[in-house]
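Residue-level structure breakdown
Each chain, letter by letter, is given below.
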Amino acid sequence: MEMGDRQELLTAMRKKRILVFGDMVADIYLDGRISRISREAPVLVLEQAGERIVAGGAANVVNNVATLGGIAHAIGVVGRDSAAEGLRRVLEGNGVHTGALVTDEGRPTISKTRIIAGGRATVSQQIVRIDRESKEPLSAAMEAALLRRMEGLLPHIDGIVLSDYGAGTVTERLKERLIRAAREKGIPSIVDSRYAIHRFHGIGYVKQNDAELAAAVHRDLPDEAAIIAAARELCAELAADGVLVTRGEDGMTLVTREGATTIPVTDRSEVFDVSGAGDTCVATVILALAAKAEPAEAARLSNLASGIAVRKMGTSTVSAEELLHAAAGGREEMPC
């Protein structure tokens, strides 16, 4: 695609309305300065120096949709707690529409709290992570509330994302409704499911990293030919339009009914952190598809966006301006 055409695509991606449904996660970072060794046990005593909440899981996808210029609608479940308040502030600060988030009094907001320890003469590092989420299935009332919010948004949506991190938000009834809606409306859909990709029959596009794809087909995938064969199997099984496989330093491979496209990495420098790069990839793909991009061009653009994300520490977003700059320079970075 010529530079002018790519700029037109980036412009067309702005203001596309994207519904992101899935497991909304609050990533909490507690920063502490090392003070001394505790008298109670041989452990560090930290003086809390800061706390920040960033969007994780499906919340990071919807956050990236917003920072890339799309009109982002988040649908999911949160608790009535400080994690939910922080998550809403982060999302709304980027312009995400959070009115479709449902508050469940009986369950906590899914959160991952990372304790970061450091000092004047030491490098800060994560020393422990504390996860909090309910293992109980969604109640019928919560599922019905989410469905009502979906029905209210669907007439106005240009693309759909299902972000399934295995926390139980993406029930059979709700995912089937969204997949059916995408097919009926003729709009693109994509799923990123870490553990249960076989559930999503009829979805438009599937995003998997190479390890997830290997787990899905129950065999090792030692080379590109094996990855393409596995992606074709999954595409056929799900009756999907395509499977996008992210392969780290080996780039991306897109398999559609028309064939396979390999998107190589051309710049492997400055890779700081791959956290959340898959969410950036998904957000870019759905916006590009909603803007009528060809699937291969949507994948190439997501490769650029993911390359920006991996040069940032922690779960992060990519702005429309950053992506435009990268596209103008013709750089394709390392994806998730």
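Quick caveat: nothing in here was measured; it's all calculated off a predicted structure.

**Regarding the overall build of the chain**
When you go through the chain residue by residue, the secondary structure sums to 10 helices and 13 strands. Taking 20 Å as the expected radius of gyration for a compact globule of 336 residues, we find that the chain reaches 20 Å, a close match to that expectation. Buried residues in the chain amount to 57% of all 336 residues. A sequence separation of at least 24 residues applies to 71% of the contacts in the chain between residues at least 6 apart. Of the accessible surface of the chain, which amounts to about 14,900 Å², a share of 49% is contributed by carbon and sulfur atoms.

**A closer look at the sheet that holds strand 9 (residues 189-193)**
Strand pairing in a sheet relies on backbone hydrogen bonds. The paired strands run either parallel or antiparallel. In space, the 9 strands of this open sheet follow the order 5-4-1-8-9-10-11-12-13, with mixed pairing throughout. If you trace the sheet from one side to the other, it starts and ends with strand 5 (101-103) and strand 13 (259-263), each paired once. Strand-to-strand twist across the sheet, computed as the mean angle between neighbouring axes with direction ignored, equals 15 degrees. Two elements, strand 10 (residues 205-209) and strand 11 (residues 242-246), share 5 bridges in a ladder whose sense is parallel. Bridge pairing in strand 11 places Asn209 opposite Thr246. Of the strands in this sheet, strand 1 (17-22), strand 8 (159-164) and strand 9 are in contact with helix 5 (residues 172-185), which crosses strand 8 at around 155 degrees. Running at roughly 170 degrees to strand 9, helix 8 (residues 277-290) makes contact with strand 1, strand 8, strand 9, strand 10, strand 11 and strand 12 (252-256) of the sheet.

**Things to note about the packing of helix 6 (residues 210-217) against helix 7 (residues 224-238)**
Interaxial distance between helix 6 and helix 7 falls to 10 Å at its minimum, and their mutual angle equals 60 degrees. The orientation of helix 6 relative to helix 7 falls into the category oblique. Note on packing geometry: the crossing formed by helix 6 with helix 7 is left-handed. Residues Asp210, Leu213 and Val217 of helix 6 form the contact with helix 7, whose own contacting residues are Ile227, Ala230, Ala231, Glu233 and Leu234.

**Quick word on helix 4 (residues 140-153)**
Over its 14 residues, helix 4 extends 20 Å from the first C-alpha to the last, a length consistent with the 20 Å expected when each residue adds 1.5 Å. Buried residues of helix 4: Met142, Glu143, Ala145, Leu146, Leu147, Met150 and Leu153, and no others. Those residues of helix 4 that are buried are in contact with strand 1, strand 4 (71-78), strand 5 and helix 5.

**Some thoughts on the sheet that holds strand 2 (residues 24-37)**
Read from one edge to the other, the open sheet built from 4 strands follows the order 3-2-6-7, with strand pairing classed as mixed. Every interior strand has two partners, whereas the edge strands, strand 3 (44-57) and strand 7 (122-132), have only one. Averaged over all pairs of adjacent strands, the angle between their axes in this sheet comes to 20 degrees, without regard to strand direction. With 8 bridges joining them, strand 6 (residues 110-119) and strand 7 adopt antiparallel strand pairing. Across the sheet, Lys112 pairs through a bridge with Asp131, a residue of strand 7. The sheet strands contacting helix 2 (residues 58-67) are strand 2 and strand 3, and the helix crosses strand 3 at an angle near 65 degrees.

**A closer look at the side chain of Asp27**
Here Asp27 is to be found in strand 2. Owing to a relative accessible area of 4%, Asp27 belongs among the buried residues under this scheme. Of the polar contacts made by the side chain of Asp27, one reaches the side chain of Arg114; its length is 3.1 Å.

**Focus: the pairing of strand 9**
For strand 9, the tally of buried residues reaches 5 of 5 residues, placing the bulk of the element in the interior. Because side chains alternate across strand 9, one face comprises the buried residues Ser189, Val191 and Ser193, and the other comprises Ile190 and Asp192, equally buried. Pairing of strand 8 with strand 9 involves 5 bridges; the strand directions are parallel. Bridging from a neighbouring strand, Val161 pairs with Ile190 of strand 9. Tracing the backbone out of strand 8, into helix 5 and back to the parallel element strand 9 gives a crossover that is right-handed. Bridge count between strand 9 and strand 10: 3 bridges; the pairing is parallel. Bridge pairing in strand 10 links Val191 to Val206.

The rules we used
- Residues numbered from 1 in each chain as written.
- Predicted model: local features only at pLDDT ≥ 70, side-chain atom pairs only at ≥ 80, totals over all residues.
- Heavy atoms only, no water.
- Helix = DSSP H or I, 4+ residues; strand = E, 2+ residues; numbered from the N terminus.
- Rg over C-alpha atoms; globule rule 2.2 N^0.38 Å.
- Buried < 20%, exposed > 50% of the residue type's maximum accessible area, 1.4 Å probe, protein only.
- Contact = heavy atoms within 4.5 Å.
- Areas by Shrake-Rupley, 256 points an atom, 1.4 Å probe, with all protein chains shown as cover.
- Pairing = 2+ DSSP bridges.
- Axes fitted to C-alpha atoms, helices over the stretch in contact; angles between N-to-C directions.
- Parallel < 35°, antiparallel > 145°, perpendicular 65-115°, else oblique.
- Left-handed = near helix turned anticlockwise from the far one by under 90°.
- Expected span 1.5 Å × (residues − 1).
- Polar contact = N/O pair within 3.5 Å; in protein donor to acceptor, adjacent residues only side chain to side chain.
- Right-handed = clockwise from strand over helix to strand, strands pointing away.

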